[in-house]
Number of protein chains: 2
Amino acid sequence: MSSLTERKARLIVHGDQPYNAEPPLDRLRASYRTPAEDFYVRTHGDLPDLDEATWRLTVDGGTGPALEVSLSDLRTRFPVAMVTATMQCAGNRRADMRAVAPVSGDPWDAGAIGTAEWTGVRLGDVLREAGVAERVGLHVAFESHDTVDGHPYGASIPLAKAMAPETVLAYAMNGEALLPEHGFPVRAVVPGFAGVRSPKWLRRLTVQDHPSDNPIQAGDYKLYPADVTAETADPANGHTIDTMPLNAAICEPARGAILKPGSNRIRGYAVSGDRTVVRVDVSGNGGWSWVQAELERDVAAPFAWTFWSTSLDLPPGEHELAVRAWDEAGQTQPALPDETWNHKGYLCACWHRVRVNIA
Amino acid sequence: MSSLTERKARLIVHGDQPYNAEPPLDRLRASYRTPAEDFYVRTHGDLPDLDEATWRLTVDGGTGPALEVSLSDLRTRFPVAMVTATMQCAGNRRADMRAVAPVSGDPWDAGAIGTAEWTGVRLGDVLREAGVAERVGLHVAFESHDTVDGHPYGASIPLAKAMAPETVLAYAMNGEALLPEHGFPVRAVVPGFAGVRSPKWLRRLTVQDHPSDNPIQAGDYKLYPADVTAETADPANGHTIDTMPLNAAICEPARGAILKPGSNRIRGYAVSGDRTVVRVDVSGNGGWSWVQAELERDVAAPFAWTFWSTSLDLPPGEHELAVRAWDEAGQTQPALPDETWNHKGYLCACWHRVRVNIA
């Protein structure tokens, strides 16, 4: 394993403490399953240094006594579960929103996303072992080993999503043990939901009749209307971000690229939290006209992204490339970041635009 | 029961043969469950005149012999199922798209939608009785008594949706037998899907390994990119319309209304095929700024629309009201009909705009 310092050098680092970084977009598009070293890192606090031999997970809130499991318990007492799923920060593409008006948070480009094959156990299997009954209105609260402003990191998801077959407690990513920055030894993977709901460095799960009251869940990660400011935001009136919206990005060519005349290959990703991407439109003229991209996906992985590509033959000069996707319900993306702008810069999902020059 | 002629007089009739009509929008907003007499009617052919005593439904394609059931069989051999669900034409709001460029089909305003309490039996119960096993890749093809261009009307849905608890064979609407124009004696109700997939005047269901090859399913009701014309449309490349997109409409005041100065009440509906509407924004200035509407829904009816209302205090003069909804994945609607325009005028779901005058 390369050192954390070496891995950081591969990424665009937005901050070191907490550590937040994303890959260049061409690297993101290089393979359908993103190598761990190229996978975006979003942390809110410190990077815990845990020992897999002494690590334990406590599960409480079921009908019986609290369950405590080691990593070897997870590996031996439960069936192995594998899911290829996309993970995405709620702030992915925030830079586009920041171009409209100031927003809080790191200026993520379209790289705060990645897809991996996650191996572990079904969260539902662990919850059932802990005597949890499926009842409407329950939530699973996660608590982690990292510390954010003096509190442990925490978040929650509805029990129905926790029990869904795609939701896992993962100890491996693309067949290898998790890297420290990706949650070693065990993290949650909640496919389709914002990454904030897939906590890393897990230490405790609690089944309860209300969402987590951790500031991450109760305060941050809410979607507000455009007229709400940091001063007027009332989390009780914000929409809790869980399922991620339809989105698409151009990964190649890069912004400002100088291309040769003739046919140029345009490549990117499209993704929707819980729906299938059925069409991707690509424009060589800022959205005045569109061509249909070819789509590539893993049919066995409904919670993973769709790769798309097409070729455009553009005349010399400057051109604005644009992309937008369509989901199975016939919904598409708004044209401009203004239409979904919010002061926290969440869920930027307008057409992605990249200006290039044909020399 | 009033006569068909009397009922037609209550509606805005787009065509008589086939009969297609929608209610004025204020009538649509008058009650959460739409009276049958005010419910839009979309027919593709004739209006069958059926006798409930001799009506039979044939179900084939299961492992056993074909099942044949009468209306009294449906009422006595299966548990009663009730679902409050919105039904909506794929062409709802086509008039807005027609304002951009010509489209085929009737110029529906925002009234090709309604919500009813449907009573009948679960389609899944009938399919299981006919020996149908749930297998991935199967479809349920419906055949009806109405005739379209010499063929019986037909359409299909994936078996998984047919087996879902919300999908019913309905013999009553808001507690009364179906009216002839709503499918008497029995119609399918497939909540969240376009109305075209909820056939009326049913006579046969077939479970098969491919979608219906009826022209309604195989040819019509496909979503195409904007550059596709009637001449170039290849149904194999169109997206089959099933789940309906997020949409919203202003039902009151009406277009061109002259309002008094001071606070005026604005009311409408919002709807999403298979997601929850979490926010509705209303603008008094064409979308430059927005206020949050109050929402009203039936929590026991996840496939029914959300009613919304708010008050606006506008200065004298002409104003463009606008509305847009947001779904639970943080997706919202495109601003303009141009962005989703297609030559068949399907799935018009841009911001709904209504110009009014304050006298």
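Bear in mind that the values here come from a model prediction, so they are computed numbers and not experimental data.

Novice: So what exactly am I meant to see when it comes to the relation of the copies chain B and chain A here?
Specialist: These two copies of the chain differ by a rotation about an axis and a displacement along the same axis. For the match of chain B to chain A, the screw axis carries a shift of 0.0 Å, the RMSD comes to 0.0 Å, and the turn is 180 degrees. A rotation of that kind, with that shift, is consistent with a two-fold axis. Of every C-alpha in chain B, the one belonging to proline 334 of chain B sits nearest the axis of rotation, 2.5 Å from it.

Novice: Quick question: what am I supposed to make of the sheet that holds strand 2 (residues 19-22) of chain A here?
Specialist: Across a sheet, paired strands are connected by hydrogen bonds in the backbone, their directions being either parallel or antiparallel. All names here are of chain A. Sheet architecture is open: 3 strands sit in the order 1-2-3, paired in antiparallel fashion. Only two strands of the sheet have a single partner each, and these edge strands are strand 1 (12-16) and strand 3 (41-42). Where strand 2 meets strand 3, 2 bridges bridge the pair, whose relative direction is antiparallel. Across the sheet, residue asparagine 20 finds its bridge partner in strand 3, namely arginine 42.

Novice: Looking at this structure, I do not really get the packing of aromatic side chains. What am I missing?
Specialist: Any two aromatic rings considered together are summarised by their centre-to-centre distance and by the angle between their planes. All names here are of chain A. Tallying each qualifying case throughout the model produces 16 aromatic pairs over all chains. Plain terms: the ring middles of phenylalanine 39 and tryptophan 118 are 5.8 Å apart, the flat faces sit at 80 degrees to each other, and that makes the pair edge-to-face. One end of the pair, phenylalanine 39, is in the loop between helix 2 (25-28) and strand 3; the other, tryptophan 118, is in strand 7 (residues 113-122), with 79 residues separating them in the sequence. Accessibility expressed as a relative area gives 2% for phenylalanine 39, which makes it buried. Both rings, one in tyrosine 269 and one in tryptophan 305, keep their centres 5.4 Å apart while their planes meet at 25 degrees; by these two values the pair is stacked. Of this pair, tyrosine 269 sits in strand 18 (residues 262-271) while tryptophan 305 sits in the loop between strand 21 (294-296) and strand 22 (306-314), and the two are 36 residues apart along the sequence. For tyrosine 269, a relative accessible area of 1% puts it in the buried group. Residue class for tryptophan 305 comes out buried when judged on its relative accessible area of 0%.

Novice: What am I meant to see in the domain arrangement of chain A here?
Specialist: One frequently used descriptor of interface size is the decrease in accessible area upon assembly of the parts. Residue and element names in this part refer to chain A. Domain parsing of chain A yields domain 1 (4-240) and domain 2 (247-358). Inter-centroid distance (C-alpha atoms) of domain 1 to domain 2 is 26 Å. Counting each side, the surface lost to burial between domain 1 and domain 2 is near 3500 Å², with a carbon and sulfur contribution of 59%. Viewed at the interface, domain 2 and domain 1 are joined by 4 salt bridges. In this structure, aspartate 298 engages arginine 33 in a salt bridge whose closest nitrogen and oxygen atoms are separated by 2.6 Å. Taken together, domain 1 and domain 2 are joined by 24 residue pairs in polar contact (both at pLDDT 80 or more). Where the side of domain 1 that touches domain 2 is concerned, the elements lending two or more residues are helix 2, strand 6 (81-88), helix 4 (94-98), strand 7 and strand 14 (222-223). Here the side of domain 1 that touches domain 2 takes 4 residues from strand 6, the largest share from any one element.

Novice: Is there a simple way to think about the pairing of strand 13 (residues 202-208) of chain A in this case?
Specialist: The two faces of a sheet get side chains in turn, since along a regular strand they alternate between them. Residue and element names in this part refer to chain A. Among the 7 residues in strand 13, 5 count as buried, and that is most of the element. Summarising the sheet, strand 4 (residues 56-60) and strand 13 pair through 3 bridges and their orientation is parallel. By the bridge assignment for strand 13, aspartate 60 is matched with threonine 206. Looking at chain direction, strand 8 (residues 139-148) and strand 13 are connected through 6 bridges and run antiparallel. The residue of strand 13 that forms the bridge with phenylalanine 142 is leucine 205.

Novice: Hey, could you run me through the pattern of salt bridges in this one?
Specialist: Charged atoms that come close allow side chains of opposite charge to pair. Overall, the coordinates contain 46 salt bridges over all chains when judged by the stated rule. In this structure, arginine 27 of chain A engages aspartate 38 of chain A in a salt bridge whose closest nitrogen and oxygen atoms are separated by 2.9 Å. Placement of the pair is arginine 27 of chain A in helix 2 and aspartate 38 of chain A in the loop between helix 2 and strand 3, with a sequence separation of 11 residues. Assessed through its relative accessible area of 25%, arginine 27 of chain A is described here as partly exposed. Its salt-bridge partner being aspartate 60 of chain B, residue arginine 204 of chain B comes within 3.0 Å of it at the nearest N-O pair. Here aspartate 60 of chain B lies in strand 4 (residues 56-60) and arginine 204 of chain B lies in strand 13 (residues 202-208), a separation of 144 residues in the sequence. Linked through salt bridges whose partners overlap, the residues forming this network are Arg93, Asp96, Asp109 and Arg255 of chain A.

Procedures and definitions
- Residues numbered from 1 in each chain as written.
- Chains lettered and ligands numbered in written order.
- Predicted model: local features only at pLDDT ≥ 70, side-chain atom pairs only at ≥ 80, totals over all residues.
- Heavy atoms only, no water.
- Least-squares fit on C-alpha atoms with pLDDT ≥ 70 in both.
- Pairing = 2+ DSSP bridges.
- Helix = DSSP H or I, 4+ residues; strand = E, 2+ residues; numbered from the N terminus.
- Phe/Tyr/Trp six-rings, centres within 6.5 Å; stacked < 30°, edge-to-face > 60°.
- Buried < 20%, exposed > 50% of the residue type's maximum accessible area, 1.4 Å probe, protein only.
- Domains from an automatic or database assignment.
- Buried area = accessible area lost by both parts, 1.4 Å probe.
- Salt bridge = Lys/Arg side-chain N within 4 Å of Asp/Glu carboxyl O.
- Polar contact = N/O pair within 3.5 Å; in protein donor to acceptor, adjacent residues only side chain to side chain.

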